[in-house]
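Chain by chain, the residues:
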Amino acid sequence: QSKHCLGYPVSIFFIVVNEFCERFSYYGMKAVLVLYFKYFIGWDNDLSTTIYHTFVALCYLTPILGAIIADSWLGKFKTIVYLSIVYTIGQVIMAISAIHDITDTNRDGTPDNMTFHTAMSMLGLILIALGTGGIKPCVAAFGGDQFEEHQEKQRSTFFSIFYLSINAGSLLSTLITPILRAQECGIYSKQSCFPLAFGVPAALMVVALIVFIAGHNMYIMESPKGNILLQVMKCIGFAIRNRFNHRSKQHPKREHWMDWAEEKYDKLLIAQVKMVLKVLFLYIPLPMFWALFDQQGSRWTLQATTMDGNFGAFIIQPDQMQIVNPILIVIMVPIMASAVYPLIKKCGLNFTPLRRMTVGMLLASLAFVAAALLQIQIDRTVPNFPSSSQTQVKFLNLENTPVPVVVEGQEPFVVPGFNVSSHNGTSNSIKQFLKENNKWVTGCLLNYGTMENKENFQILQSYYKSDGLCTENIKAIQDINPNDIHMAWQVIQYFLMTCGEVVFSVTGLDFSYSQAPSNMKSVLQAGWLLTVAVGNIIVLIVAEAGSLPEQWAEYVLFACLLVAVSIIFAVMAYFYTYMDPAEIEAKFMELEPDDKKRKELEMMTKDNLAYVNNETSNNTDVKQTKI
């Protein structure tokens with residue numbers, strides 16, 4: 001008997017805190033991951049995106065493994081503890097992999113053995129994926145186990161608080177870890193502080209593990225009862241094998257291919273599997289939505305690095321823009337539920353769950369159209385950098401007169417002169433001026449030109465000494481224009497994507513729950529998570545192929561693919577017939593006793609036939625011996 005406070009088991013406090021810390025750890029690490037690949041490891045955008053989505057896909061594949069381990073072997077508590085330890089080790093390894101001083105032997109700020117850092121980070125990500133994915137299906141279910149049958153209202157409230165803790169952890173970590181990353185840290189040289197950005201999530205995972213174990217004596221722990229997913233897979237496998245073994249025309253056809261499992265499995269289980277397969281068939285087009293949705297943490301974050309994040313009172317980091325999604329989720333979910341859906345119903349429109357999901361897919365495609373239009377504007381301000389197979393050469397003329405330049409295979413061109421303007425002043429006054437503009441130049445007497453852009457400039461210097469005085473000619477030039485497309489423009493695509501998520505994801509989960517048999521809701525949950533994994537695999541395939549030269553074209557490609565898939569899904573939804581699983585199950589439960597008796601009779605008949613055949617065989621052997 002667990003302890004209670006205000007009608008709730010005290011044990012759920014430990015579970016909620018654990019979930020908050022774990023989600024903070026996961027989303028905090030994930031928020032800065034793609035920038036870690038790009039700026040620390042040194043990968044290009046395509047490879048950074050590929051590895052990022054490989055990691056996310058793995059995080060959504062491992063829940064199936066976690067569910068099987070928990071239900072068939074260790075139980076939920078031990079599974080959560082053991083995999084959380086793996087998870088924590090992975091986070092610590094990630095933090096260590098980001099310490100550049102470990103291999104920076106010459107202390108120039110750049111790691112001398114990048115293979116070590118890459119290998120460590122890959123090991124850390126694999127362990128994190130096993131941990132976070134493995135405990136994903138266990139924690140919420142373990143929290144539900146803490147309530148007794150008469151505490152349905154309290155259980156419902158717990159799941160609301162549990163969901164709130166997930167969003168709170170995601171929101172805070174997405175806000176905080178990019179700020180930590182933007183700091184500079186290091187022993188010998190100061191660099192972006194990825195060790196701190198990964199270290200804080202690692203510390204939160206340690207807290208999550210300690211808190212969860214601390215509630216050990218208060219938990220209600222159910223022993224493993226076998227995994228329904230394995231049972232479903234075995235039933236499907238038997239039906240396929242049995243159908244293949246009876247493929248000749250002499251065997252009469254059956255109404256459904258799953259009916260070929262009747263020789264071994266109850267009709268109730270077969271009916272439940274049929275209902276599950278009917279919903280899983282609708283899941284086939286869904287990965288394309290997640291292929292677009294999860295690019296918020298990769299392509300959209302990389303897009304934000306080429307934009308201006310100065311909001312006046314504060315500066316938004318590129319990886320902080322992801323926080324727009326959870327903020328809009330909190331706002332949009334109640335608005336859609338209490339205002340939009342009731343209004344549509346009053347207008348007499350039958351906005352079924354599957355139609356909502358179709359609209360959600362179209363909204364996500366519109367979000368990528370908005371991202372493509374924004375990318376076109378960004379590309380107009382970004383310099384035309386050389387590709388990996390090209391080399392760029394810059395000619396700087398330090399004289400006052402133009403200089404003609406001839407390069408073999410190129411048209412002749414002229415490099416204009418500097419036209420340096422002069423200013424005389426004391427070294428201290430000029431030092432102060434340059435210090436205020438983020439530059440420090442040592443010298444005695446100085447001559448320098450006007451600074452047209454104080455934020456983004458390059459100083460070219462020529463030194464010479466005269467009569468013991470240091471003289472310096474300085475000209476400030478703007479090499480690359482600063483980012484002038486504001487990051488706030490991304491809010492449009494985030495808003496469209498979040499609206500799509502609300503009407504697609506929230507509706508999809510509710511639809512799956514309503515159409516699932518009572519004992520197979522976890523099977524459909526596993527199927528839903530699998531669509532997320534496949535969606536991320538689609539992204540890494542497209543990113544690795546890298547056949548499109550322009551990023552905006554890739555955005556348009558994804559938008560078009562999702563529109564095409566949403567049309568296919570709309571056609572599939574049109575022919576879908578909504579079910580009442582409880583009614584179907586009740587019908588088969590009435591027939592179950594007769595079905596069991598029939599099977600017992602069949603088994604007895606088979607046993608008798610086997611016995612007769614065996615006796616006949618033995619008698620034949622005896623006769624042959626006598627002869």
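Residues numbered from 1 in each chain as written. Predicted model: local features only at pLDDT ≥ 70, side-chain atom pairs only at ≥ 80, totals over all residues. Heavy atoms only, no water.

**Regarding the environment of P404**
This is how it is decided: Under the scheme used here, helices are H or I runs from DSSP no shorter than 4 residues and strands are E runs no shorter than 2 residues, and both carry numbers assigned from the N terminus. Working rule for contacts: check all heavy atoms of both residues, and any pair within 4.5 Å makes them a contact.
With respect to the helices and strands, P404 occurs in strand β5 (residues 403-405). Expressed as a C-alpha distance, the spacing of P404 and V415, which sit 11 residues apart in the sequence, is 6.2 Å. Not counting the four nearest positions on each side in its chain, P404 is found in contact with F413 and V414.

**Here we look at the nonpolar core**
The cut-off we apply is this: Joining through side-chain atoms within 4.5 Å is the link that ties buried Ala, Val, Leu, Ile, Met, Phe, Trp, Tyr and Cys residues into a set, and such a set is a nonpolar core. A simple rule labels every residue: compare its accessible area, found with a 1.4 Å probe on the protein chains alone, to the largest value its type can have, and call it buried under 20%, exposed over 50%, or partly exposed in between.
Membership of the largest hydrophobic core comes to 131 residues, with the highest contact counts inside it found for L33, Y36, F37, F55 and F198. Those residues in contact with L33 that sit more than four places away from it in its chain are Y52, F55, M94, L125 and F198.

**Observations regarding unusual backbone geometry**
In this structure, R107 is a non-glycine residue whose phi angle is positive, near 60°. Among the secondary structure elements, R107 is positioned in the loop between α4 (76-97) and α5 (114-144).

**Some words on the side chain of S512**
Mapped onto the fold, S512 is located in helix α15 (residues 490-515). Not counting chain neighbours up to four residues away, the residues in contact with S512 comprise Y283, L524 and W528.

**Focus: a nonpolar patch on the surface**
Formally: Each patch groups residues whose relative accessible area exceeds 30% and which form no salt bridge, using 9 Å between like charges and 5 Å between nonpolar side chains of Val, Leu, Ile, Met, Phe, Trp and Tyr. In short, Shrake-Rupley with a 1.4 Å probe defines the accessible areas, and a residue's cover is counted only from the protein chains shown. By definition here, a salt bridge exists when the distance from a side-chain nitrogen of Lys or Arg to a carboxyl oxygen of Asp or Glu is within 4 Å.
A cluster of nonpolar side chains, namely L362, V563, I567, V571, Y574 and F575, defines an oily patch on the protein surface of about 630 Å² accessible area. Within the secondary structure, Y574 is located in helix α17 (residues 551-574). With relative accessibility at 65%, the residue Y574 sits in the exposed group.

**As for the packing of aromatic side chains**
The line we're drawing: Any pair of Phe, Tyr and Trp rings, taking the six-membered ring for Trp, is counted once the centres come within 6.5 Å. Such a pair is stacked with planes under 30 degrees apart, edge-to-face with planes over 60 apart, and tilted for the rest. Here, a charge over a ring is recorded when the distance from Lys NZ or Arg CZ to the ring centre is within 6 Å and its angle to the ring normal is within 35 degrees.
On inspection of all chains with the given rule, the structure shows 39 aromatic pairs. Relative to Y219, the ring of F77 has its centre 5.8 Å away and its plane inclined at 50°; by these criteria the two rings are tilted. In this pair, F77 sits in helix α4 while Y219 sits in the loop between α7 (194-214) and α8 (228-245), placing the two residues 142 residues apart along the sequence. Overall, F77 belongs to the buried group, its relative accessible area being 11%. Ring-pair connections join several aromatic residues into one group, and the members of that group are Y36, F37, F40, W43, F194 and F198. When the ring centre of W260 is taken as reference, the NZ or CZ atom of R254 above it lies at 4.0 Å. Lying across the ring of Y341, R356 places its NZ or CZ 3.9 Å from the centre.

**Thoughts on the confidence of the model for the chain**
Definition in use: Scored from 0 to 100, pLDDT reflects the predictor's confidence in each residue.
Overall, the predicted model of the chain reaches an average pLDDT of 81, with 83% of residues at or above 70. Strand β9 (residues 458-466) is the least confidently modelled element of the chain, averaging 37 in pLDDT, while α7 averages 96, the highest of any element. The low-confidence segment residues 420-445 (pLDDT under 50) makes 47 contacts with residues lying over four places distant or belonging to another chain. Contacts for the low-pLDDT stretch residues 447-473, under 50 throughout, to residues beyond four places or in other chains number 69 contacts.

**Structural notes on the state of the cysteines**
Here is the rule we go by: Any pair of cysteine sulfurs within 2.5 Å is marked as a disulfide.
Tallied over the full model, the rule gives one disulfide. Paired by a disulfide, C185 and C193 hold their sulfur atoms 2.1 Å apart. Between C185 and C193, the disulfide has an S-S torsion of 105° and is therefore right-handed.

**Looking at the pattern of salt bridges**
Scanning the entire structure with this criterion turns up seven salt bridges. As a salt-bridge pair, R299 and D46 come within 2.8 Å of each other at their nearest N and O atoms. Here R299, found in helix α11 (residues 299-304), pairs with D46, found in helix α3 (residues 45-74); they are 253 residues apart in sequence, far enough to count as distant. Its salt-bridge partner being D145, residue K76 comes within 3.1 Å of it at the nearest N-O pair. On the criterion of sequence distance, the pair formed by K76 in helix α4 and D145 in the loop between α5 and α6 (152-182) is long-range, its members being 69 residues apart. For D145, a relative accessible area of 16% puts it in the buried group. Salt bridges here are not isolated pairs; linked through shared partners, they connect D46, R299 and E554.

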